[in-house]
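Report on the structure
Listed here are the chains, written in short residue letters.
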Amino acid sequence: MIGFILRRIVSMFVVLFALSVLVFLIFFATPGVDPARKMAGRNATPETLAAIRASFGLDRPLPVQYLRMMNRIVITRDVESYSNRGVRVIPEIMAAAPVTFALVAGAAIIWIVASIAIGLLAAALRGTLWDPLLMAIALIGLSIPVFWLGEVANLVTQQRWHDTPLFSWVPPLGYTPIGEDPVLWFKHLVVPWIVLSVLFVGFYARVLRSDLIESENEDFVRTARAKGLSERRVLVVHQLRASMITFVSLFGLDFAALVAGGALLVEVVFGLPGVGRLTYLSLSGLDLPVIMATVLYGAFFIVIASTVIDILYAFLDPRIRTA
Amino acid sequence: MGVAPTEPAIDLPLSPGPSRGTWATAVRRLRRDRAAMATLVVLVVIVTSTLLAPVYASRVAQTDPFRSNLSGTVEIDGSRVPVIRPNPSGLGSTPIGPTFGRHFFLGADTQGRDVAARILYGGRASLIVGVAAALLTCLIATGIGLLAGFTGGTTDAVIFRALDIVWAFPIYLLAIALSTSLLVQGLKIGPVAVDPNSLLLPILIIAVVFVPYVARPVRGEVLAVRQREYVEAAIAQGARRRRLLFKEVLPNVLPSVIVIFPLIIATCILTESALSFLSIGVQPPQASWGTIVNDGQNQLYTRPLVSIAPGLLIAVTILALNVLGDGVRDALDPRAKIRRRKRRARDS
Amino acid sequence: MRYLRPVICSFLLALLVTTLTACGGSSSATGETTTETTTTETAPGDQTTDVTLDSPHRGGTMKVVWNGFGSSIDPGVDYDGNWTLLRITNDGLVAWKRVSGQDGNTLVPNLAEELPIPTNGGLTYTFKVRKGVKFSTGQEVKPSDFKATIERQFKLPGPVASFYAVLLGGAACEASPAAGKKCDLGKGIIADDNAMTLTFKLKHQDADFLQKLALPFAYALPADTSPKETSVTPLPATGPYMIESYKPNVEMVMVRNPEFTQWSRDAQPNGYPDRIEFNLALTPNEGTTQVENGDADWIADQIPTDRLGAISEKYPEQIAINPNPQVYHMVLNTQVPPFDNLKVRQALNYATDRKALVQLWGGPKLAEVTCQILPPNFPSYKPYCPWTKNPGETWTAPDLAKAKKLIAASGTKGMKVVVIGTPDESTTSFDLYFIDLLKSLGYDASRKTLQSSVEYPYVQDSANKAQISRSYWYPDYPAPADFLDIVVGCSGYHPNSTANPNLSMFCDPAIDAKTRAALAKQITDPAAAVPLWTEIDRLTTDAAPWVPLFVASRLDFVSPRIGNFQYNPSVVGGFMIESAWVQ
């Protein structure tokens, strides 16, 4: 078991290392990417450019540059952006992370509650018209492009019906930290929360319903029924509990991916200064230090989440360790 | 639960290799599935109408939806009106709105192009990218999965560490990174050069991004098949590897891949639209539903239909593919009906 | 200069007013302004009377949305568009008068007590520095701070030091190796902190020296300011406002500078709002909606063309249009086929329907058709348009027949042409027009879209062989040479470099000889140089390194609660935030 955990942890670092090399190479393989040019401003003379290259070490061989960059990201943690000279990247990410976390956590609460409700209802009402109806709703939620939903939500709440009592409470796009004004913070995030959660509500409701129905024939359910427990109690207590294993492991991965920057479309559409938007801006601005740091930050979450879930599963199911 | 949680991408049904009879049964089952058949009709309608885009453009709308038409005129209800009318205030201009008639059914965009015709053409691009990327993903992933699962050992380990790297990226971030870089230079693999404007570029990028999501379960499936008694027996008897691969393993893996194929198409279409929305997918003057939503972004407040119509079409197509996917799965593996869970792209 | 900035240099106008007062005929700057402007509280009396103090309009928070926020908050570095902000936080010795209308191009003393009269044959400028002005840190502004500021300018990486290379010792500073750059201007700038005098000594005459001292590069910073660029930590301010916090791509906040007391209403008037918040996170489209909804007071970005119609109809009182001489053009790479062929470049110039493009830009109120390199009102500008149906002074209609004939004669039909562009809506729409035009002229035209951060360096580097792309240029230097010697001239041409403003890669020896002659003449006899530049403008226009399209204007959209909208025409001007009322 310990060997398995060690193996997983080692491979986690191998993945992170390979990932950073990959990003570094993608960046330097792109022509027209010259950080020095950006720093020099317009009308710079070739001499100025050469000087900047020298002072930032951009004239060194790639492996040296890579090591210097990684050193400044991981060890000294003082790496600075190329586009916004002098801006420390790590604090920038730390400032963006709470925004993303607030967005994702709120959406997660919505999607957990809503999907459990829909999944349970659909499973309980199996055989009636409600089941396919609820599943159809879940499927629709699953099929809507999130950026488009966000745009339409903006159209409705910021313009079309902005003057009606229905949406006049929606503040202009942006973000207010919770410490500054909790009410405004909440108002800012309501629409993004809903938009972000729609897809996941659809997905999780479907997963949960299938798992619930699957467990119908399991021994523990039959036993519970045999004990004379009510249908509702069997469903909510026993079946739901059993289905939670899948639910939670999926949730762990999804949550990690979103916190890692996967919520970028929602962040971009709603102008939320989170990690996803930061990564997106750095990618389109080809701001290497920020790209490297944000991608590693994101990958770290995803890799940790899947490692933890792997290890937990290995505890639960010894067969996996050998696979 | 046969699939480890790190491989929840798509949970493949572990079915015994289907014989010819199973295929026939599957088709028969699928035909009885009314929901699947209904969505199949919807899909056929969407595909046919996008295929008929050139006919619509030339015969009905009589415009070239890829040519800007800044100073053209059009006849509406017997009178000639400019396609783009300068505003009376002298600031900006207003393209013709939806006529719900022959010309400019959904109006014109800022370039004076027929939005309806563009949506049809755009749908064609979206579908081509989606289907081609999905096909490519499944091909590559099946190949990799077979190779890894069948050879095992170091090959297996190396392949799966490589896939782990891709896996550790949030999907859109990887796609964006690849697009930003490749759009500058195009792609050169040996003698093959892919032009940055070519649809091939988004196809390749999207295909690569989703490979691990299919390859992991395929490998799991291969491992499972290998461990079956009759396969082990065949190996023990010294059966030829190639024969084993094609006679035993592949037929068992294929249905699983077919089951997830519609869902992969749906995911690929969504990814394409998101990339195009961020203007790093399909490149103008070509159009896809995503680029049209993006074009319509600025007009969202003035003429929302330009942005809403393609978005709705994406949603309907994805919905149809999802329902069809359910149908195909139920048809190929009725047991799986209740034990299905599937994964989508994790990003939003 | 290609980055969007709300305020565009009007150096030329400044020059007109200061040196060629006779032709100050460029009609009222606010010709199309519908906002009630110029209702300033023009209390008579002393320059130091602070009219904001007793005003009911003083106070409140102004909210600004600004997506394309410029590069830096360091006045020594920023060259991309924060000048309009730095203008209200920091000061130089001299300044353009802080008023709307043409008078806003007049130089007035700022931290200097008066404008000096150059002595020693125009080589020495002696200033008396105003006493009692303090930085926001509490330190007093001393003459030695100015010396240190200019020296710091030479030490910072960037192109701007050359502005002050004319000072004695400046050339040595410029030549000093960049790593560990040293600069001592002890000979060129003599600061006497006791007498509060500051003397600049020049190597040769420079008619524009005072204008250069009015630029943000010469805004006073404490002598002990680090020679490294400041990024997010604001530098000490002298103006009515100071930056409180700055988070790139997220927000910036300006508050009142507690140490500020108005010393000259003309040079640096006190402001009305107490606080100015800049939202840097929204797209121009979302920003426009915020101003519409009254959630923001001003959008610094360009309004998306699609929104112009609705806004001009719904909120006509909230928009103001002011001229700003950006010349938009298509760059033709004169060294790559097919545009290495003069006939092809001429053909494209003949074929372009400039009127349609003006409409695409937002209509004739926002842009004026042009066929030549120099913008109107520029010194030595004479209207010239060879690229029209009836060549002469003005453009009337495209001449497709002529274009097709030229293309046929060039033998380049069928060649591949790739238009390089960025994903933004405006560039895309222009590129699409040119792709169609090129196709109709018989070329195999397509587009390559690059992120805006990549595109400019890409088209600059001749190794990339970019064929055609849209660009714009505004004069950041008051001489025609900025256009004719840099943007389409040999001095700006650096092959295989990403520091090459001459995107057309155009360098014609014959024209260059004339340029050298004009530059020489300008020092000895500026008036005589004017016709020379006119000729060079024509010759360059005829050689067609560009397809000149139009000269754009600036449209500002403000919320209804903004009162007293004023637009300053100077290079550091634009919407004067400090003079606007938010209550």
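Residues numbered from 1 in each chain as written. Chains lettered and ligands numbered in written order. Predicted model: local features only at pLDDT ≥ 70, side-chain atom pairs only at ≥ 80, totals over all residues. Heavy atoms only, no water.

For the rest of this paragraph, the subject is the sheet that holds strand S6 (residues 197-201) of chain C. Residue and element names in this part refer to chain C. Read from one edge to the other, the open sheet built from three strands follows the order S4-S6-S5, with strand pairing classed as antiparallel. A single partner strand is all that each edge strand has here, and the edge strands are strand S4 (124-128) and strand S5 (189-192). Each adjacent strand pair in this sheet contributes to an overall mean axis angle of 10°, direction not counted. Where S5 meets S6, four bridges bridge the pair, whose relative direction is antiparallel. (Pairing = 2+ DSSP bridges. Helix = DSSP H or I, 4+ residues; strand = E, 2+ residues; numbered from the N terminus. Axes fitted to C-alpha atoms, helices over the stretch in contact; angles between N-to-C directions.)

The next point concerns the interface of chain A and chain B. Between chain A and chain B, the residue contacts involve 67 residues of the former and 53 residues of the latter. Per-residue buried area on chain A facing chain B is highest for Phe147, Trp148 and Glu151 of chain A; these three make up 12% of the total on that side. The interface formed by chain A and chain B includes one salt bridge. The shortest N-O distance in the salt bridge between Arg206 of chain A and Asp326 of chain B comes to 3.0 Å. Linking chain A with chain B are three residue pairs in polar contact (both at pLDDT 80 or more), by the criterion used here. Here the side of chain A that touches chain B is built from residues that sort into 44 nonpolar, 13 polar and ten charged. (Contact = heavy atoms within 4.5 Å. Buried area = accessible area lost by both parts, 1.4 Å probe. Salt bridge = Lys/Arg side-chain N within 4 Å of Asp/Glu carboxyl O. Polar contact = N/O pair within 3.5 Å; in protein donor to acceptor, adjacent residues only side chain to side chain. Nonpolar A, V, L, I, M, F, W, Y, C, P; charged D, E, K, R; others polar.)

Our next topic: unusual backbone geometry. The peptide bond linking Pro284 of chain B to Pro285 of chain B adopts the cis configuration, its omega dihedral lying at 5°. Topologically, Pro285 of chain B is positioned in the loop between helix H9 (241-277) and helix H10 (289-295). Residue Pro338 of chain C follows Pro337 of chain C across a cis peptide bond; omega there is 0°. In this fold, Pro338 of chain C is placed in the loop between strand S11 (319-332) and helix H8 (342-351). At Ser279 of chain B, a residue that is not glycine, the phi angle is positive and equals roughly 55°.

Attention now moves to the interface of chain B and chain C. Across the contact, 33 residues belong to chain B and 40 residues belong to chain C. Applying the counting criterion to the chain B and chain C interface returns zero salt bridges. Remark: the boundary between chain B and chain C carries seven residue pairs in polar contact (both at pLDDT 80 or more). Broken down by element, the side of chain B that touches chain C gets its largest block of residues, four residues, from helix H6 (residues 171-185) of chain B. The residue inventory of the side of chain B that touches chain C, partitioned by class, reads twelve nonpolar, 18 polar and three charged.

All right, on to the confidence of the model for chain A then. Low-confidence regions, as indicated by low pLDDT, have predicted coordinates that should not be scrutinised in detail. For chain A, mean pLDDT is 83; residues scoring 70 or higher make up 91% of the total. When pLDDT is averaged over each helix and strand of chain A, the minimum, 51, is found for helix H14 (residues 319-322) of chain A and the maximum, 92, for helix H5 (residues 89-124) of chain A. (pLDDT = per-residue confidence, 0-100.)

Here we take up the state of the cysteines. Applying the stated criterion across every chain, the model contains three disulfides over all chains. For Cys490 of chain C, the disulfide goes to Cys507 of chain C, at an S-S distance of 2.0 Å. Taking the torsion about the S-S bond as the criterion, the Cys490 of chain C to Cys507 of chain C disulfide, at about 100°, is right-handed. Placement of the pair is Cys490 of chain C in the loop between helix H13 (481-487) and helix H14 (509-524) and Cys507 of chain C in the loop between H13 and H14, with a sequence separation of 17 residues. Along chain C, the cysteines that take part in disulfide bonds pair up as 1-2, 3-4, 5-6, counted in sequence order. Of the cysteine sulfurs around Cys138 of chain B, a residue in no disulfide, the closest is that of Cys268 of chain B, at 7.9 Å. We classify Cys138 of chain B as buried; its relative accessible area is 5%. With a relative accessible area of 0%, Cys268 of chain B lands in the buried category. (Disulfide = S-S within 2.5 Å. Buried < 20%, exposed > 50% of the residue type's maximum accessible area, 1.4 Å probe, protein only.)

Attention shifts here to the packing of aromatic side chains. Each aromatic ring pair is specified by the distance between its two centres and by the angle formed by the two planes. Taken as a whole, this structure holds 37 aromatic pairs over all chains when the rule is applied. With centroids separated by 6.5 Å and ring planes inclined at 50°, the aromatic side chains of Phe200 of chain A and Tyr204 of chain A adopt a geometry described as tilted. One end of the pair is Phe200 of chain A and the other is Tyr204 of chain A, both in helix H8 (residues 182-215) and four residues apart, which spans about a single turn. The residues Phe200 of chain A and Tyr204 of chain A share a single accessibility class, namely buried. The aromatic ring of Phe430 of chain C is capped on one face by Arg470 of chain C, whose charged end is 4.6 Å from the ring centroid. (Phe/Tyr/Trp six-rings, centres within 6.5 Å; stacked < 30°, edge-to-face > 60°. Lys NZ or Arg CZ within 6 Å of the ring centre and 35° of its normal.)

Further remarks concern a nonpolar patch on the surface. Residues and elements named next belong to chain A. On the surface, a nonpolar cluster with roughly 600 Å² of combined accessible area is contributed by Met1, Ile2, Leu6, Val308, Leu312 and Phe315. Take the nonpolar patch: its biggest share by element is three residues, from helix H13 (residues 288-316). Among the structural elements, Met1 can be located in the segment before helix H1 (2-28). (Patch = residues over 30% accessible without salt bridge, like charges linked within 9 Å, V, L, I, M, F, W, Y side chains within 5 Å. Areas by Shrake-Rupley, 256 points an atom, 1.4 Å probe, with all protein chains shown as cover.)

On to the environment of Asn333 of chain C. Residues and elements named next belong to chain C. In this fold, Asn333 is placed in the loop between S11 and H8. Linking Asn333 and Ser462, residues 129 residues apart in sequence, is a C-alpha distance of 8.7 Å. Apart from residues no more than four positions distant in its own chain, Asn333 is found in contact with Phe339, Asp340, Lys465, Ala466, Gln467, Leu503, Ser504 and Met505. A distance of 2.8 Å separates a polar atom in the side chain of Asn333 from the backbone oxygen of Ala466.

The subject of this paragraph is the environment of Asn464 of chain C. Residues and elements named next belong to chain C. Inspection of the secondary structure assignment puts Asn464 in the loop between helix H12 (452-460) and strand S15 (468-473). On the accessibility criterion, Asn464 (22% relative accessible area) is partly exposed. Separated by 32 residues in sequence, Asn464 and Asn496 place their C-alpha atoms 8.4 Å apart.

Let us now look at helix H4 (residues 62-75) of chain A. Residue and element names in this part refer to chain A. With 14 residues, H4 extends 19 Å from end C-alpha to end C-alpha; this agrees with the ideal 20 Å at 1.5 Å per step. By the burial criterion, the buried members of H4 are Gln65, Tyr66, Met69, Met70 and Ile73. Here the buried residues of H4 occupy an arc of 125° about the axis, which is enough to place them on one side. Set apart from the buried face of H4 by more than 90 degrees, the exposed residues are Pro63, Leu67 and Ile75. Looking one or two residues past H4, Arg77 carries a phi angle of roughly 55°, positive in sign. (Expected span 1.5 Å × (residues − 1). Arc of directions from axis to C-beta.)

Here we take up the sheet that holds strand S9 (residues 275-279) of chain C. All names here are of chain C. Read from one edge to the other, the open sheet built from five strands follows the order S7-S8-S9-S1-S10, with strand pairing classed as mixed. In this open sheet, the two strands that pair with only one neighbour each are strand S7 (241-247) and strand S10 (298-299). Both strand S1 (residues 61-65) and S10 contribute to a ladder of two bridges, which runs parallel. Following the sheet pairing, Val64 is matched in S10 by Trp298.

Residues and elements named next belong to chain C. Counting across every chain of the model gives 26 salt bridges over all chains. Close ionic contact of Glu578 with Arg98 constitutes a salt bridge, the shortest N to O distance being 2.7 Å. Here Glu578 is found in the segment after strand S18 (574-575), whereas its partner Arg98 is found in the loop between strand S2 (94-96) and strand S3 (107-109), with 480 residues between them in sequence. Its relative accessible area of 0% is what places Glu578 among the buried residues. Exposure remark for Arg98: the relative accessible area of 4% places this residue in the buried category.

Residue and element names in this part refer to chain A. Running from amino to carboxyl end, H8 crosses helix H10 (residues 231-262) at an angle of 145°, the nearest separation of the two axes being 9 Å. For the element pair H8 and H10, the recorded crossing hand is right-handed. Where H8 approaches H10, its residues Leu196, Phe200, Phe203, Tyr204, Val207, Leu208, Asp211, Leu212 and Ser215 are matched on the opposing element by Leu235, Gln239, Leu240, Ser243, Met244, Thr246, Phe247, Leu250, Phe251, Asp254 and Leu258. Of the residues contributing to the contact of H8 with H10, the split by class is 14 nonpolar, four polar and two charged. (Left-handed = near helix turned anticlockwise from the far one by under 90°.)

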